[in-house]
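# Chains, contacts and geometry: an overview
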Amino acid sequence: MSKKPNILLIEADQLAAFVLSMYRSGAQALTPNLDKLAAEGVVFENAYSNSPLCCPSRASKFTGRLPSTHEVWGNGAEFRSEIPTMMHFLRSAGYRCVVSGKCHFIGADQLHGFDKRLTTDMYPAGFDWTIDWKWGPVHREGTSVRKLGVSGLCKTNNQILYDTEVQFRAIEYLRYEALHPKDSPFFLHVSYTQPHEAYQSIPEYWDRYESVDIDLPAIAEDDDPHPTTSWLKIHHGIDQFPPDEDTIRLSRRAYHAMISHLDDYLGELIAELKHLKLYEDTVIVFISDHGDMLGERGMWFKRTFFQGSLQVPMIIQGAGIAPGRRTECVTLADLCPTLAELGGAKVVSDAHGSPDSSSFLGLLTEGSDSVKDEAIAEYYGPGVIEPWLAIRKNDWKYVWTRNHADLLYNMAEDPEEQADLSDDPAHADIKAELRARLLERYDVEAVTRRAAISKSTRIFLQEALATNQGYRWDYQPHFDATQQYVRGVNNPSTA
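Here is what the cut-offs are and how they apply
Residues numbered from 1 in each chain as written. Predicted model: local features only at pLDDT ≥ 70, side-chain atom pairs only at ≥ 80, totals over all residues. Heavy atoms only, no water. Pairing = 2+ DSSP bridges. Helix = DSSP H or I, 4+ residues; strand = E, 2+ residues; numbered from the N terminus. Axes fitted to C-alpha atoms, helices over the stretch in contact; angles between N-to-C directions. 1 Å grid on protein atoms, 1.4 Å probe; cavity = no way out; pocket = protein on both sides within 12 Å on 5 of 7 lines; lining within 4 Å. Points joined across faces, edges and corners; volume = space filled by probe spheres on them. Nonpolar A, V, L, I, M, F, W, Y, C, P; charged D, E, K, R; others polar. Salt bridge = Lys/Arg side-chain N within 4 Å of Asp/Glu carboxyl O. Phe/Tyr/Trp six-rings, centres within 6.5 Å; stacked < 30°, edge-to-face > 60°. Buried < 20%, exposed > 50% of the residue type's maximum accessible area, 1.4 Å probe, protein only. Lys NZ or Arg CZ within 6 Å of the ring centre and 35° of its normal. Core = buried A, V, L, I, M, F, W, Y, C linked by side-chain atoms within 4.5 Å. Parallel < 35°, antiparallel > 145°, perpendicular 65-115°, else oblique. Contact = heavy atoms within 4.5 Å.

The next point concerns the sheet that holds strand E13 (residues 396-401). Pairing in this open sheet of four strands is antiparallel, and the strands run E11-E12-E13-E14 from one edge to the other. With one partner strand each, in any of the chains shown, strand E11 (374-379) and strand E14 (407-410) form the two edges of the open sheet. Across this sheet, the average inter-strand angle for adjacent strands is 10°, counted without regard to direction. As paired strands, strand E12 (residues 388-393) and E13 are joined by six bridges and run antiparallel to one another. When the bridges of E13 are listed, Leu389 appears paired with Trp400.

All right, on to the layout of surface pockets then. Size it by volume and the second largest pocket reaches roughly 420 Å³. As for the second largest pocket, its lining consists of 21 residues, and the residues nearest its centre are Phe18, Arg24, Gln307, Gln311 and Pro415. Secondary-structure elements contributing two or more residues to the lining of the second largest pocket are strand E2 (42-48) and helix H9 (307-310). Partitioned by chemical class, the residues of the lining of the second largest pocket number nine nonpolar, four polar and eight charged.

Overall, the coordinates contain 39 salt bridges when judged by the stated rule. Ionic pairing is found between Arg325 and Glu45, a salt bridge with its closest N-O pair at 2.7 Å. Placement of Arg325 in strand E10 (residues 324-331) and of Glu45 in strand E2 is noted, with a sequence separation of 280 residues between them. Note that Arg58 and Asp289 form a salt bridge whose closest N and O atoms lie 3.0 Å from each other. Placement of Arg58 in helix H2 (residues 54-63) and of Asp289 in the loop between strand E8 (282-288) and H9 is noted, with a sequence separation of 231 residues between them.

Right, let's get into the packing of aromatic side chains. In this description, an aromatic ring pair is defined by two values, namely the gap between the centres and the angle between the planes. Going through the model one piece at a time under the given rule, you end up with 19 aromatic pairs. Taking 5.2 Å as the distance between ring centres and 85° as the angle between the ring planes, the aromatic pair formed by Tyr471 and Trp473 counts as edge-to-face. On the basis of relative accessible area, Tyr471 is assigned to the buried category, the value being 9%. Members of the aromatic cluster, joined through ring pairs, are Phe62, Phe79, Phe105, Phe114 and Phe187. Of note, Lys274 hangs over the ring of Tyr279, and the distance from its end group to the ring centre comes to 4.8 Å. Stacked on the ring of Phe306, the Lys or Arg Arg297 has its end atom at 3.8 Å from the ring centre.

Now for the nonpolar core. Formed by 66 residues in total, the largest nonpolar core has its most connected members in Phe44, Met86, Phe114, Phe187, Met314, Leu438 and Tyr442. Counting residues per element, this core draws most heavily on helix H10 (residues 335-342), which supplies five residues.

A separate point is the packing of helix H1 (residues 32-40) against helix H8 (residues 245-275). Two elements in contact, H1 and H8, have axes separated by 7 Å at closest approach and are oriented at 60°. By the angle between their axes, H1 is oblique relative to H8. Residues Pro32, Asn33, Leu34, Lys36 and Leu37 of H1 lie in contact with H8, whose contacting residues are Asp263, Asp264, Leu266, Gly267, Ile270 and Lys274. Classifying every residue of the contact of H1 with H8 by side-chain character gives five nonpolar, two polar and four charged.

The element strand E6 (residues 186-191) is extensively covered by neighbouring structure, given that six of its six residues are classed as buried. What you see with E6 is no split at all: Phe186, Leu188 and Val190 on one side and Phe187, His189 and Ser191 on the other are buried throughout. In the sheet, strand E3 (residues 96-101) pairs with E6 via six bridges, with the strands oriented parallel. Note on E6: the bridge partner recorded for Arg96 is Phe186.

Ordered by their spatial adjacency, eight strands build an open sheet running E4-E3-E6-E1-E8-E9-E2-E10, and the pairing between neighbours is mixed. On the outer flanks of this sheet lie strand E4 (116-117) and E10, each paired with one strand and no other. Pairing of strand E1 (residues 6-12) with E6 involves five bridges; the strand directions are parallel. Of the residues in E6, the one forming a bridge with Ile10 is Val190. Taken strand by strand, H2 contacts E1, E6 and E8, and its axis lies near 165° from that of E1. This element, helix H5 (residues 158-179), spans E3 and E6 of the sheet and lies at about 165° to E6.

You can see Gln14 is positioned in the loop between E1 and H1. Taking relative accessible area as the criterion, Gln14 reaches 0% and is therefore assigned buried. In sequence terms Gln14 and Val190 are 176 residues apart; their C-alpha atoms lie 15 Å from each other. Once you skip the residues sitting within four places of it in the chain, Gln14 turns out to touch Pro195, His196, Glu197, Tyr199, Tyr255, Ser288, Asp289, His290, Gly291, Asp292, Phe301 and Lys302.

Okay, here's the thing in structure tokens:
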């Protein structure tokens, strides 16, 4: 590109890759706009969340760091202001950084380098959602499969209301950009809450699947599950409240309907970019923070290292980007140095970024060599009671759980992860290699102590501050009406 592009980073919440046609033949989600974006851009076939939970995953995306480095251990852990983000890097290169939608920042800093937030966040910004490992595997009502009982049609709900505002503010911002052209580029992050559970939709999108016989889960429940799977089934209440077939089908149909709603929003954003003559100067990145199991293996929602939860869609399209498919393993954390390099901030990103990630900008150009083929994931959040680590490298995925058995899968021959090879002597060498590669970066016991102390401390603080009215970090968006429309100085009325 001859000049720095605008960057539009679009994020879904809990969108699994395997339900999308560009990731799996026969997938049933109706997504014409996403299909077109995929056809015109780069589809990363092996993109992964660094932690299949909202806060740690998003913190990794923004910082390029793993959870053990940024220490956002779960959905109630503070994201520290001292950690540089892609927004800081891009601002240093002259970008204006704006977000419409969900960031899920915990703590007093609700910007982390953004110039402006156009909406509040979806969830609490305090230490509310902290769970101590000492409690063991416990059922949590807020993340229970009992929520599947409301799956289906609705008049509206909080998620629809939120995404409606996110979309309105994003398009309003793009129109403002057209009315007030500047020499500097923008970085606009548009982050929706759909298709996160509860799975509900409105007739406009529900009816699109009237003639679609929604598939039931294809992978049977494990007869002898790994301890982490057993813990998660307790956490989600699957052991107490297993959903019946009708509930599963309703939930999966509603999930697909929510994706179609999201796809319409994507189409509107792209149409607006074209209408406003911003499209040719903008790189579009589409991702999700993690996936969803949707009943596969008898599991629901996220939190697990199985593909449905850990793999994410990642599609990048724009001028100078060679369309096609990339099989290399990348992660959301790699987006931080990649977008920094794209925006001309490679020097500061290299100086102040993290060795946990690396730019894959080279993979976006024609005929480039692979720059990365390794993905690391960590989980210290609710649902499991021990640190949990994973590495995907080339055709292999290795999973390590403190004090429990390993898992090893050949993803090329066994993409559904049905055959654990960890005890097969024929694969002892690759297991040892991946274990060493994964654990050499950690003092696991030190990480465990840090995470445990953080959990205990935050639970104490939450209880101590619960009645303190000043303990409110939730973001309040500000709009100065005196500067809107024709009241502001040099505000043109047309463009």
